[in-house]
Amino acid sequence: MALARFVRQAKRPHRVCVKMTAVAILGMCFIFVWSMFSASPSAAVTSQRSSFSDINEPVPDETEGDSSGTGLKKNEPERTELSGESNKLKFESDSEKKDEKKLDGSVTLAANGNNATNIDKKEEADEGKEGVDEEAKENHGSEGSENKEAEKEKEEGQVGGDDKEEAVDREGEANEDVEADGDWAVTVEEEPVEKVEDESGGSKFTGKKKKRKGPLFDPKAQYTWKLCSTKSKHNYIPCIDNEGGTGRLQSYRHKERSCPRTSPMCLIPLPARGYSSPVPWPESKWKVLYKNVAHPKLAAFIKRHSWVVESGEYLMFPQTQSEFKGGVSHYLESVEGMVPDIEWGKNIRVVLDMGCTDVSFGAFLLDKDVLTLSLGLKDDLVDLAQVALERGYPAVVSPFGSRRLPFPSGVFDAIHCGGCNIAWHSNEGKLLLEMNRILRPGGYFVLSSKHDSIEDEEEITTLTASICWNILAHKTDEISEVGVKIYQKPESNDIYELRRKKNPPICKEDEKPDAAWYVPMKTCLHTIPAAIEERGTEWPEEWPKRLNTFPDWLENREKLIADTEHWKAIVNKSYLTGMGIDWSNVHNILDMKSIYGGFAAALSDQKVWVMNVVPVHAPDTLPIIYERGLIGIYHDWCESFGTYPRSYDLLHADHMFSRLKNRCKQPVGIVVEMDRILRPGGWAIIRDKVEILDPLEGILRSMHWEIRMTFAQDKEGIMCAQKTMWRP
């Protein structure tokens with residue numbers, strides 16, 4: 001009734017103010033009632049979002065002011081601190097970003113409980129995508145059925161990252177700090193897949209995953225050592241020598257690389273007749289201590305050859321004697337005379353010598369500034385590659401049967417086979433096709449022998465014609481009585497199209513020419529690079545200009561220049577003067593984790609040679625190293641290196657251990673391998689995180705190494721150690 005009376009009064013003309021008041025009151029009532037009904041749903045949404053237990057999509061903007069937003073802000077100070085550290089970096093890698101994500105995730109786990117579960121799942125999916133991108137860049141890993149290393153790379157998240165990771169990865173720079181925090185703070189880590197050796201000598205994955213928590217080396221572990229008891233004794237090469245079988249001496253070597261199920265945890269004994277410091281360079285060119293390279297078959301070999309003579313305690317190498325009658329100097333001059341474009345030391349800088357006999361070929365070429373890498377084939381029981389290393393010449397040991405050699409494609413200026421007794425035409429010509437893969441477009445293949453059968457001659461001629469090698473010279477030298485053939489690899493793909501028989505066929509596009517670690521040889525021809533931005537379209541500059549001339553196909557030249565200057569400063573200001581190293585006794589050097597060859601380039605004026613190792617899990621920078629006129633090889637440090645014990649005078653490891661945490665089942669095995677390949681009295685320079693160097697120092701001391709110098713700043717450190725004669 002009151003409401004009706006109020007309405008009738010409102011209809012009067014003088015009641016306009018009353019009308020307006022009524023409208024306002026009704027509107028306020030409506031707003032009040034609506035807000036009462038909508039308050040409960042909003043509160044329910046806020047309550048659900050604050051738990052973050054089952055969120056599959058981002059929280060809408062409407063909830064930014066609720067308690068859920070407040071809960072996230074609790075973690076912001078710690079994340080800000082991490083990002084503050086990363087902002088100090090000059091460069092930052094994809095893998096470092098992934099490590100930072102993992103660390104953030106672990107912090108969130110402590111604050112928000114189930115929140116981290118879904119975040120980690122999303123990050124794992126993101127890392128999977130990044131791993132695919134990185135795999136496309138890293139072509140030197142394994143592929144195919146015989147090699148599972150690529151699968152291991154994917155499952156481990158591609159531990160090396162991309163080129164950005166490695167560019168300023170040295171000198172304890174800030175980008176290592178981010179990774180250091182990730183290594184030591186995160187307790188939930190990726191699980192490496194366990195690899196075992198199958199019955200055929202290959203590798204396979206069991207599918208079992210094993211977590212590794214905490215540091216790389218256990219700081220509380222105590223180590224005791226014993227001598228290895230193997231058939232090869234003081235010459236033991238774990239991935240080459242077969243210790244599982246029985247039989248005659250000839251059967252103790254694998255035809256292919258095959259590593260033990262677990263890394264050897266014993267120390268290699270010294271030679272039975274003792275060991276003394278090697279003859280220093282350059283005197284070692286002409287003589288070495290016999291007892292240092294003693295081998296059961298070597299004595300009989302010496303009696304049959306005139307270029308090596310036993311004289312008292314030494315093996316002598318007369319300068320006038322070699323495998324080539326008339327001397328190797330005459331042989332090299334005759335080769336250059338046949339093909340004038342072969343200018344040793346200028347146009348030709350990096351050479352692969354197959355077979356490794358007396359090494360006189362590489363010895364004389366070294367005087368012409370040619371770096372010759374001798375490949376010791378392990379079907380040779382005399383162990384001449386060990387003699388070559390003792391004399392101070394570059395050599396590696398590898399089987400050469402059905403798998404690719406651990407080199408990139410198109411990197412050697414020339415390949416030499418001087419009486420190497422390799423059946424190039426056998427097995428569908430796979431061995432010669434492997435030479436074609438690693439030979440530079442326009443590169444030379446020099447084949448010399450004394451006695452070739454007519455059948456072998458015809459088969460090698462047919463095979464070289466099928467892969468379009470041009471024979472530049474075929475001549476028998478009157479003095480050396482050696483028949484020499486010089487072939488040249490094509491420089492373009494046009495000639496391949498002119499073949500009547502397309503056999504061998506052109507390789508498919510997905511066949512990676514640089515994939516070389518546990519990869520079977522292919523019976524196909526890889527196409528020759530054609531575009532200017534591709535590697536291999538142009539011949540490098542003459543040496544020594546080649547060392548610091550960067551081709552058009554090279555990306556990130558600034559990084560390479562910075563890397564070169566970086567190592568030049570460290571070597572000149574620290575290594576050569578501040579370490580206490582007697583460089584007059586250093587000649588054979590191994591850089592265990594090289595990137596652009598900057599360390600080797602900085603030592604180019606010294607009387608040394610450096611073997612640059614590019615780990616298989618790192619970005620593929622080995623072609624750049626060869627382009628600069630240096631030598632190197634692919635390797636996985638979870639396995640034994642392809643060389644004899646006591647091969648090197650100095651080992652250099654720059655942040656190598658910090659990159660191997662989740663790769664190697666027994667990281668201590670890497671230290672044992674370093675002890676195997678380093679000579680007594682040899683040196684090791686190790687740069688890494690302090691958390692790794694501290695327990696590593698204890699391991700080296702347990703081997704009776706002498707720690708000559710340690711230095712640490714912030715989280716980074718450097719250690720210089722010297723191996724002694726001690727054996728358990």
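Residues numbered from 1 in each chain as written. Predicted model: local features only at pLDDT ≥ 70, side-chain atom pairs only at ≥ 80, totals over all residues. Heavy atoms only, no water.

**A look at the overall build of the chain**
In terms of regular secondary structure, the chain is built from 21 helices and 19 strands. Within the chain, buried positions represent 54% of all 728 residues. Of all intrachain contacts in the chain linking residues separated by at least 6 positions in sequence, the fraction that spans at least 24 positions is 70%. For the chain, the accessible area works out to roughly 33,600 Å², and carbon and sulfur atoms hold 52% of it. (Helix = DSSP H or I, 4+ residues; strand = E, 2+ residues; numbered from the N terminus. Buried < 20%, exposed > 50% of the residue type's maximum accessible area, 1.4 Å probe, protein only. Contact = heavy atoms within 4.5 Å. Areas by Shrake-Rupley, 256 points an atom, 1.4 Å probe, with all protein chains shown as cover.)

**A short note on the environment of M725**
Looking at where M725 falls in the secondary structure, it is placed in the segment after β19 (716–722). Residue classification places M725 among the partly exposed positions, given a relative accessible area of 37%. Distance in space between the C-alpha atoms of M725 and R679 is 8.8 Å, their sequence separation being 46 residues. When residues no more than four places from it in sequence are discounted, the contact partners of M725 are L270, Y275, S276, S277 and P680.

**Section: the pattern of salt bridges**
Note that side chains of opposite charge can pair when their charged atoms are close. All chains considered together, the criterion is met by 20 salt bridges. The salt bridge partner of E627 is R440, with a shortest N-O separation of 3.4 Å. Here E627, found in helix α19 (residues 622–627), pairs with R440, found in strand β10 (residues 439–449); they are 187 residues apart in sequence, far enough to count as distant. Taking the relative accessible area as the measure of exposure, E627 reaches 7% and is therefore buried. Among the residues examined, R440 registers a relative accessible area of 1% and is labelled buried. We note a salt bridge from D514 to R535, for which the minimum N-O separation is 3.2 Å. Here R535 lies in the loop between α16 (494–497) and α17 (557–575) and D514 lies in the loop between α16 and α17, a separation of 21 residues in the sequence. Of the residues examined, D514 reaches a relative accessible area of 10% and is grouped as buried. Through salt bridges with shared partners, a single network forms among D413, R440, R546 and E627. (Salt bridge = Lys/Arg side-chain N within 4 Å of Asp/Glu carboxyl O.)

**Comments concerning the state of the cysteines**
Tallied over the entire structure, the rule returns 5 disulfides. Disulfide partner of C228: C266, at an S-S distance of 1.9 Å. Taking the torsion about the S-S bond as the criterion, the C228 to C266 disulfide, at about 100°, is right-handed. Within this pair, whereas C228 is found in the loop between β2 (203–209) and β3 (287–289), its partner C266 is found in the loop between β2 and β3, the two being separated by 38 residues in sequence. With respect to burial, C228 and C266 carry one shared label: buried. Through a disulfide, C417 is tied to C420; the S-S separation comes to 1.7 Å. Disulfide C417 to C420: torsion about the S-S bond roughly -75°, handedness left-handed. Per residue, the accessibility class of C417 equals that of C420, and both read buried. (Disulfide = S-S within 2.5 Å.)

**A short note on the sheet that holds β10**
In space, the 7 strands of this open sheet follow the order β8-β7-β6-β9-β10-β12-β11, with mixed pairing throughout. A single partner strand is all that each edge strand has here, and the edge strands are β8 (395–398) and β11 (470–476). In this sheet, neighbouring strand axes are inclined to one another by 20° on average, regardless of whether the strands run parallel or antiparallel. Pairing geometry for β10 and strand β12 (residues 483–488), over 6 bridges, is antiparallel. Residue S448 lies in a different strand from β12, and its bridge partner there is V484. (Pairing = 2+ DSSP bridges. Axes fitted to C-alpha atoms, helices over the stretch in contact; angles between N-to-C directions.)

**Some remarks on the side chain of D477**
Relative to the helices and strands, D477 is located in the loop between β11 and β12. Here H330 takes part through its side chain, which lies 2.9 Å from a polar atom of the side chain of D477. In contact with D477, not counting residues within four places along its chain, are H330, S334 and V482. (Polar contact = N/O pair within 3.5 Å; in protein donor to acceptor, adjacent residues only side chain to side chain.)

**Brief notes about the sheet that holds strand β4 (residues 309–311)**
Neighbouring strands of a sheet are bound in pairs by backbone hydrogen bonds; such pairs are parallel or else antiparallel. Strand order in the open sheet formed by 3 strands is β3-β5-β4, with antiparallel pairing between adjacent strands. Bordering the open sheet on either side are β3 and β4, each of which pairs with just one other strand. For this sheet the average axis-to-axis angle between neighbouring strands, irrespective of direction, equals 30°. One ladder, built from 3 bridges, connects β4 with strand β5 (residues 314–316); its direction is antiparallel. Across the sheet, residue S311 finds its bridge partner in β5, namely Y314.

**Comments concerning a negative patch on the surface**
Residues D341, E343, E538, E541 and E542 make up a contiguous surface patch of negative charge. Assignment of secondary structure puts E541 in the loop between α16 and α17. (Patch = residues over 30% accessible without salt bridge, like charges linked within 9 Å, V, L, I, M, F, W, Y side chains within 5 Å. Lys, Arg positive; Asp, Glu negative; His and termini not counted. Charge placed at Lys NZ, Arg CZ, Asp CG, Glu CD.)

**Re the side chain of H652**
Looking at the secondary structure, you find H652 in strand β16 (residues 648–654). On the basis of relative accessibility, which here comes to 1%, the residue H652 falls in the buried class. For H652, the side chain forms a polar contact with the side chain of Y575, separated by 2.9 Å. Excluding residues that lie within four positions of it along the chain, H652 makes contacts with W567, Y575, L590, D591, M592, K593, F599, I685 and R687.

**Notes on the confidence of the model for the chain**
Per-residue pLDDT for the chain has a mean of 77; in total, 69% of the residues score no lower than 70. Under a pLDDT of 50 for its full length, residues 37–139 has, in the predicted model, 112 contacts with residues more than four places off or in other chains. (pLDDT = per-residue confidence, 0-100.)

**A word on helix α11 (residues 328–338)**
Given 3.6 residues to a turn, an α-helix orients residues that are three or four positions apart in the same direction. Within the span of α11, buried status applies to V328, Y331, L332, S334, V335 and M338. Seen end-on, α11 carries its buried residues on one side only, within an arc spanning 160°. Set apart from the buried face of α11 by more than 90 degrees, the exposed residues are E333 and G337. On its buried face, α11 sits against α12 (360–366), β9 (412–418), β10, β11 and β12. (Arc of directions from axis to C-beta.)

**Topic: the nonpolar core**
Ranked by internal contacts, the top residues of the largest apolar core, which has 124 residues, are W424, F445 and F657. Among the elements that line this core, the one with the most residues is helix α20 (residues 668–677), at 6 residues. Contacts of W424, omitting those with residues within four sequence positions, involve M354, F400, C417, G429, L431, L432, M435, F445, L447, I460 and L463. (Core = buried A, V, L, I, M, F, W, Y, C linked by side-chain atoms within 4.5 Å.)

**With respect to the packing of aromatic side chains**
With the rule as written, the count across this model stands at 21 aromatic pairs. Their ring planes at 70° and their centres at 5.2 Å tell us that F412 and Y626 sit as a pair that is edge-to-face. Within this pair, whereas F412 is found in strand β9, its partner Y626 is found in helix α19, the two being separated by 214 residues in sequence. Across the pair, Y626 and F412 agree in class, each one buried. Each residue in the set F400, W424, F445, W469 and Y487 is aromatic and connected to the rest through ring pairs, giving one cluster. Seen from the ring of Y314, K287 lies directly overhead, with NZ or CZ sitting 4.3 Å from the centre. In this arrangement the basic side chain of R349 is found over the ring face of W543, its NZ or CZ atom lying 3.5 Å from the centre. (Phe/Tyr/Trp six-rings, centres within 6.5 Å; stacked < 30°, edge-to-face > 60°. Lys NZ or Arg CZ within 6 Å of the ring centre and 35° of its normal.)

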